[in-house]
Amino acid sequence: MISGSAAAKQDVGLNDLGLAPDVLRVRLAQCIINDRNRAGDFKIPIHLAFGHEALAVAISSIMTEVDQLVLPHRNIHYNLARGASLRAVIDEFALRADGLAGGSLGSMNLFNPDAGIAYTSSILGNNLNVGTGIAYANVVKQTGGMAIIVTGDGAMEEGAFHECLVFLCAQNVPAFVVVENNEWSMATRIDERRAPIDLAALARGYGASYARLSGNNVQSYAETLSGLRTAALTERRPVVVEALVSTLGDWILTNDDNPAGKYINYHAGIAPKIQLAELPAWPVIRQSDDDPVHVLAQRFERNSLEAAARDILAGLMRELP
Ligand SMILES: Cc1ncc(C[n+]2csc(CCOP(=O)(O)OP(=O)(O)O)c2C)c(N)n1
Ligand SMILES: [Mg+2]
């Protein structure tokens, strides 16, 4: 299990912060998009991924030019981590021709082959089948590349999840099947909707490797994933990577039916409680290991992180339409 470590802190400039600036950029860009959504700029459903930044940045950092990402409906963190400009994403979400995909894909199907994002689907489970085909093509064509297929704890309830693992194991295909486990599928928690599934045992049963990521330490995630990538290619087998994430942005709904207030876990749309202007100088949402930005402070001095966040935010603001 990978978790945040309490190594000596470093007070350093932007270039010496490792992957921290990338985590901050993905966080700040999402804050800006959330504010724009609140202002009424977008007409499509947008699934933000506050709390998922460390995973996306770490995965992006270990990808080679011949690897492919295959994504589900919640994909903004990967699109940003792979370098999409904020402006191109905002234009895409506003369905403008200048958008990342010419305004034709919107949010839930947003892919970007130039950045190694080969396919994205809003249909749960659909990207597992397509990703399996892409992974197999890597073997047949001997590209040396690896498909990284991302799914959720809800989408893995689709039969495609099992078909995909059976095929990848039977054909000795290296691939990552990354399960972003936030415990929620829309408004239902795992313990409300099904029996718990032990992914380690399930992977073992099919003949796949298994790794679990938790704690949101981007640097150790990257090191672990890099080792897993090498092992998958050498051993020619898939790895189920279960990443524990908290999708930040929860709020309390109070109305006639719920006078005492009902807890709403963030799924899509505006995260009502998150506003850039109200966040600290470096954009922490939750003071715990649930928040990859909070975890950055285990390694770096707050001064360094605040300075980096200011620089990155200024750069993002310059991009805005
Ligand atoms: C085949 C299919 N069924 C239902 C939906 C509606 N739907 C969209 S997102 C979602 C929840 C997905 O949960 P999970 O895979 O855990 O991803 P998360 O939203 O938690 O990141 C559902 C049921 C869909 N898009 N496709
Ligand atoms: Mg989920």
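Residues numbered from 1 in each chain as written. Chains lettered and ligands numbered in written order. Predicted model: local features only at pLDDT ≥ 70, side-chain atom pairs only at ≥ 80, totals over all residues. Heavy atoms only, no water.

Colleague: How would you summarise the packing of helix 5 (residues 126-140) against helix 6 (residues 159-170) if you had to cite specific residues and measurements?
Modeller: Packing of helix 5 against helix 6 leaves a shortest axis separation of 9 Å and a crossing angle of 15°. Classed by the angle they form, the pair helix 5 and helix 6 counts as roughly parallel. The interaxial crossing formed by helix 5 with helix 6 has right-handed handedness. Along its contact with helix 5, which presents Leu 128, Asn 129, Thr 132, Ala 135 and Tyr 136, the element helix 6 presents Ala 160, Phe 161, Glu 163, Cys 164, Phe 167 and Leu 168. Each residue belonging to the contact of helix 5 with helix 6 can be placed in one class, and the counts come to 8 nonpolar, 2 polar and 1 charged. (Axes fitted to C-alpha atoms, helices over the stretch in contact; angles between N-to-C directions. Helix = DSSP H or I, 4+ residues; strand = E, 2+ residues; numbered from the N terminus. Parallel < 35°, antiparallel > 145°, perpendicular 65-115°, else oblique. Left-handed = near helix turned anticlockwise from the far one by under 90°. Contact = heavy atoms within 4.5 Å. Nonpolar A, V, L, I, M, F, W, Y, C, P; charged D, E, K, R; others polar.)

Colleague: Which residues make up the side chain of Arg 74, and what values go with them?
Modeller: For Arg 74, the location among the structural elements is in the loop between strand 1 (68-71) and helix 3 (76-81). Of note is the side chain of Arg 74, whose polar atom sits 2.7 Å from the backbone oxygen of Leu 48. Beyond its immediate chain neighbours, meaning those up to four positions away, Arg 74 contacts His 47, Leu 48, Ala 49, His 52, Thr 247, Tyr 266 and His 267. (Polar contact = N/O pair within 3.5 Å; in protein donor to acceptor, adjacent residues only side chain to side chain.)

Colleague: Give a detailed account of the site of ligand 1, specifying residues and quantitative values.
Modeller: His 73, Arg 74, Gly 154, Ala 155 and Trp 184 are the nearest of the 15 residues found near ligand 1. Within the contact set of ligand 1, an oxygen atom lies 2.8 Å away from a side-chain nitrogen or oxygen of His 73. Note that an oxygen atom of ligand 1 is positioned 2.7 Å from one of the backbone N or O atoms of Gly 154. Here ligand 1 has 590 Å² of accessible area as a free molecule, and 75% of this is covered by the chains. Tallied by class, residues from the shell around ligand 1 come to 5 nonpolar, 7 polar and 3 charged. (Near = heavy atom within 4 Å. Areas by Shrake-Rupley, 256 points an atom, 1.4 Å probe, with all protein chains shown as cover.)

Colleague: Please provide a residue-by-residue account of the environment of Val 12, values included.
Modeller: Of note, Val 12 is situated in the segment before helix 1 (20-38). Val 12 gets classed as partly exposed once you look at its relative accessible area, which sits at 24%. Counting along the chain gives 291 residues from Val 12 to Asn 303, while the straight-line C-alpha distance between them is 8.7 Å. Residues in contact with Val 12, not counting those within four places in the same chain, are Leu 17, Phe 300 and Ser 304. (Buried < 20%, exposed > 50% of the residue type's maximum accessible area, 1.4 Å probe, protein only.)

Colleague: Outline the coordination of the magnesium ion (ligand 2), supporting the account with residue identities and numerical values.
Modeller: Binding of the magnesium ion (ligand 2) to the protein goes through Asp 153 (OD), Asn 182 (OD1) and Trp 184 (O), at separations of 2.1 to 2.2 Å. Summarised as a motif, the one-chain spacing of the donors to the magnesium ion (ligand 2) is D-x28-N-x1-W. Note that Asp 153 is positioned in the loop between strand 3 (147-152) and helix 6 and Asn 182 in the loop between strand 4 (175-181) and strand 5 (184-185), a separation of 29 residues in sequence. When its relative accessible area of 2% is taken as the criterion, Asp 153 is described as buried. Assessed through its relative accessible area of 10%, Asn 182 is described here as buried. (Donors = N, O, S within 2.8 Å, 3.2 Å for Na, K, Ca; no water.)

Colleague: Give a detailed account of helix 8 (residues 199-206), specifying residues and quantitative values.
Modeller: Where helix 8 is concerned, the buried positions are Leu 199, Leu 202 and Ala 203. All buried residues of helix 8 lie within an arc of 100° about the axis, which places them on one face of the element. Residues of helix 8 that are exposed and point over 90 degrees away from its buried face: Arg 204 and Gly 205. Buried residues along helix 8 sit against helix 6, strand 4, strand 7 (209-213) and strand 8 (238-244). Two or three places before Ala 200, at the start of helix 8, stands the capping residue Asp 198, its side-chain oxygen 3.1 Å from that residue's backbone nitrogen. (Arc of directions from axis to C-beta.)

Colleague: Please provide a residue-by-residue account of a nonpolar patch on the surface, values included.
Modeller: A surface patch of nonpolar side chains, about 260 Å² in accessible area, is lined by Tyr 136, Val 140 and Phe 167. Residue placement: Tyr 136 occurs in helix 5. The exposure class assigned to Tyr 136 is partly exposed, which follows from its relative accessible area of 32%. (Patch = residues over 30% accessible without salt bridge, like charges linked within 9 Å, V, L, I, M, F, W, Y side chains within 5 Å. Salt bridge = Lys/Arg side-chain N within 4 Å of Asp/Glu carboxyl O.)

Colleague: Can you tell me about helix 2 (residues 53-62), naming the residues and giving the values?
Modeller: With 9 of 10 residues buried, helix 2 is to be regarded as a mostly interior element. Of all the positions in helix 2, only Glu 53, Ala 54, Leu 55, Ala 56, Val 57, Ala 58, Ile 59, Ser 60 and Ile 62 are classed as buried.

Colleague: Break down the sheet that holds strand 4 for me, citing the residues and quoting the values.
Modeller: Judged by pairing direction, the sheet is parallel, and its 6 strands sit side by side in the order 2-1-3-4-8-7 without closing on themselves. The open sheet has two edge strands with one neighbour each: strand 2 (117-120) and strand 7. Taken over all neighbouring pairs, the strand axes of this sheet differ in orientation by 20° on average, direction set aside. The pairing of strand 3 with strand 4 spans 6 bridges and is parallel. In the sheet register, Ile 149 faces strand 4, and the bridge partner there is Val 177. In the packing of helix 5 onto the sheet, contacts are made with strand 1, strand 2, strand 3 and strand 4, and the angle to strand 3 comes to roughly 165°. (Pairing = 2+ DSSP bridges.)

Taken by themselves, the reported measurements are silent on function.
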